[in-house]
Structures are given as C-alpha cells and as structure tokens.
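# Remarks on the overall topology
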Amino acid sequence: MTEQLDRRQALVHAAFSAIAERGFEGFRLRPIAVAAGIDHSTLHHYFRTKADLIAAVLEHVTSQFEGTMQNDLEPAARLRAHLGEIAMAVAERPELFIVLDELDLHARRDESMAADIRHDEQGWRDALATIFNEGIKQRIWSVDLDVDASVELVIATVKGIRLRPDTAESVVNQLCDLFSPRSLTHD
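Report follows, based on the coordinates.

Turning our eyes to something else, we now look at unusual backbone geometry. The phi angle at R139 is positive, at roughly 65°, despite the residue not being glycine. With respect to the helices and strands, the residue R139 is situated in the loop between α6 (111-137) and α7 (147-161).

So, in structure tokens, the structure goes:
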C-alpha cells in the first residue's frame with residue numbers, strides 16, 4: 001500500500017510540475033507517468049481519469065495553506081498573519097500560484113473543475129467569515145461590516161496578487177490596514 005501511495009504522490013508531483021511549467025496546454029499523461037517513474041499504461045491504476053489527477057493536484061496545492069490560520073490570535077491579527085503567510089508564499093513559492101491560476105482558468109471551461117474549486121474554496125470562505133464574525137462580535141469591527149463582501153474582497157485580492165508577486169507584501173499590508181480596527185469602528 002505504501003508503494004502505491006508513493007507512486008500516487010509521485011504522479012501528483014509530476015502533474016503539478018507539468019502544470020507549473022507548461023500550463024494545461026502541456027499537460028500530457030504520458031510524460032507525467034514517465035516523470036513519476038511508471039509506465040503510462042498503469043497510470044489509470046492510480047487515477048481513473050485525467051480529471052481525478054487534476055483534482056489531486058488541486059488538493060495538493062491547497063493543502064499547502066492549511067496551517068496559515070492561527071486560531072490563538074484575535075481576529076484582526078489572525079487575518080493579518082494569514083494574509084502575511086500567503087503573501088510570503090506568493091514571493092517564495094510562485095509555482096503554487098501559477099498552478100492555482102491555471103486551475104482557475106481551466107475551471108472557466110470545465111464545470112467539474114469549477115465545482116472542485118468552489119468546494120475547496122468554501123473552507124477558506126468559512127474560515128474568513130469566522131474571523132470577520134468574531135471580530136464583529138468582539139466589537140473589533142463595526143456591525144455594519146458586510147462579512148460576505150469582506151470575504152470576497154480578501155479572496156479577490158489574493159487571486160490578484162498571484163499575478164503580481166512583486167506587490168504581494170505591500171498589497172496585503174494595505175488590505176489589512178483597511179481591516180484594522182481603527183479603520184472600521186464607529187466612535
């Protein structure tokens with residue numbers, strides 16, 4: 001079983017690399033199998049379809065961000081720490097964001113991929129909504145704060161900085177300043 005998991009992981013890493021280097025235009029199963037050290041004809045023992053392999057790549061990429069929510073901080077500090085880690089990753093590991101961009105573009109033409117991304121992003125949306133709701137409850141932010149719009153603003157900003165990694169830190173800092181308690185509370 002361990003050998004099968006190792007090969008499965010090798011396929012995910014090879015597929016990730018293929019997407020990062022060549023996008024979906026260069027996504028071919030035969031070279032991915034070769035890069036993973038398996039025969040192309042056995043690839044379907046690990047992933048039934050190409051879509052299953054792509055979904056595994058999405059899971060691999062998004063799992064890299066699971067530890068970025070520090071629940072022991074107050075909401076504004078938690079948001080700043082989370083976005084700071086993402087900004088650092090944009091600068092230090094651009095291949096993660098190249099693959100996310102490719103997956104987002106692919107999802108515009110593939111409803112199954114779009115559903116996978118929506119499902120995956122829902123956890124992020126929920127975590128961000130929790131931060132904003134806790135901040136409202138603790139009176140860090142105004143009760144007038146639109147939680148859903150704030151969540152979408154954060155996600156849109158993160159997706160935007162993927163295109164300009166050189167601006168990631170300053171853009172994230174500006175966004176966090178907009179959500180600082182002194183900016184959003186009423187006297």
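Next comes the rest of the description.
One can find T157 in helix α7. Among the residues examined, T157 registers a relative accessible area of 15% and is labelled buried. Separated by 2.7 Å, the side chain of T157 and the backbone oxygen of L153 make a polar contact. Apart from residues no more than four positions distant in its own chain, T157 is found in contact with V171 and L175.

With that out of the way, let us pick up helix α5 (residues 94-107). The end-to-end C-alpha distance of α5 is 20 Å, a good match for the 20 Å that 14 residues give at a rise of 1.5 Å each. Within α5, burial applies to L96, F97, V99, L100, D101, E102, L103, H106 and A107.

Attention now goes to the packing of aromatic side chains. What the rule picks out here adds up to five aromatic pairs. Aromatic pair F24 and F27: ring centres 5.7 Å apart, planes at 50°, arrangement tilted. In this pair, the class of F24 matches that of F27, namely buried. Measuring from centroid to centroid gives 5.4 Å for F65 and F97, while their planes differ by 50°, and the two rings are tilted. With F65 in the loop between α3 (50-63) and α4 (75-92) and F97 in helix α5, this pair connects stretches of sequence that are 32 residues apart. A relative accessible area of 3% places F97 in the buried class. Through a chain of ring-to-ring contacts, the aromatic side chains of F132, W141 and F179 assemble into a single cluster.

Cut-offs applied
- Residues numbered from 1 in each chain as written.
- Predicted model: local features only at pLDDT ≥ 70, side-chain atom pairs only at ≥ 80, totals over all residues.
- Heavy atoms only, no water.
- Helix = DSSP H or I, 4+ residues; strand = E, 2+ residues; numbered from the N terminus.
- Buried < 20%, exposed > 50% of the residue type's maximum accessible area, 1.4 Å probe, protein only.
- Polar contact = N/O pair within 3.5 Å; in protein donor to acceptor, adjacent residues only side chain to side chain.
- Contact = heavy atoms within 4.5 Å.
- Expected span 1.5 Å × (residues − 1).
- Phe/Tyr/Trp six-rings, centres within 6.5 Å; stacked < 30°, edge-to-face > 60°.

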